[in-house]
Amino acid sequence: VQLQASGGGLVQPGGSLRLSCTVSGAIFGINDMGWYRQAPGKERELVARITHGGSTNLEDSVKGRFTVSRDSAKNTLTLQMNSLKPEDTAVYYCYAQVPLLLELRNYWGQGTQVTVSS
């Protein structure tokens, strides 16, 4: 199973970015998907999560600004980030919870840098 993330970059405060993540090799399907982020000197934190059924959870600081969605037919995950703030600066990692024969395993993308700065 491989995850390929894209869409990071440099944006001014108040701007928008869209992150995408494509999963390949998940032959038994995908359960939860989501995004974590890690800022310098801080622990990795869950930003957004979406279940196979489409239910979402967002970290409190991004509610009303970020939207997570998925296309199960294409095995893609998207994070639309609006009204970005400097404190959103971090490396963003997508993950996918993949059922294997006897277990569920989380797989990770390579990380994409988001920098919010004027």
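Scroll up to find the structure.
My aim in this report is to walk through the structure given alongside it, one point at a time. (Residues numbered from 1 in each chain as written. Predicted model: local features only at pLDDT ≥ 70, side-chain atom pairs only at ≥ 80, totals over all residues. Heavy atoms only, no water.)

As for the layout of surface pockets
Phase 1: Considering only enclosed or pocket space, the largest pocket measures out at about 180 Å³ in volume.
Phase 2: Grouping the constituent residues of the lining of the largest pocket by class yields 2 nonpolar, 3 polar and 8 charged. (1 Å grid on protein atoms, 1.4 Å probe; cavity = no way out; pocket = protein on both sides within 12 Å on 5 of 7 lines; lining within 4 Å. Points joined across faces, edges and corners; volume = space filled by probe spheres on them. Nonpolar A, V, L, I, M, F, W, Y, C, P; charged D, E, K, R; others polar.)

Some words on the sheet that holds strand β7 (residues 66–71)
Phase 1: The strand order β1-β3-β8-β7 describes an open sheet built from 4 strands, whose pairing is antiparallel. With partners counted over all chains shown, the strands left at the sheet margins are β1 (2–6) and β7, one partner each. Each neighbouring strand pair of the sheet contributes to a mean axis angle of 15 degrees, computed without reference to strand direction.
Phase 2: Bridge count for strand β3 (residues 17–24) against strand β8 (residues 76–81) is 6 bridges, and the pairing is antiparallel. Residue pairing across strands places Leu 17 opposite Met 81, the latter belonging to β8. (Pairing = 2+ DSSP bridges. Helix = DSSP H or I, 4+ residues; strand = E, 2+ residues; numbered from the N terminus. Axes fitted to C-alpha atoms, helices over the stretch in contact; angles between N-to-C directions.)

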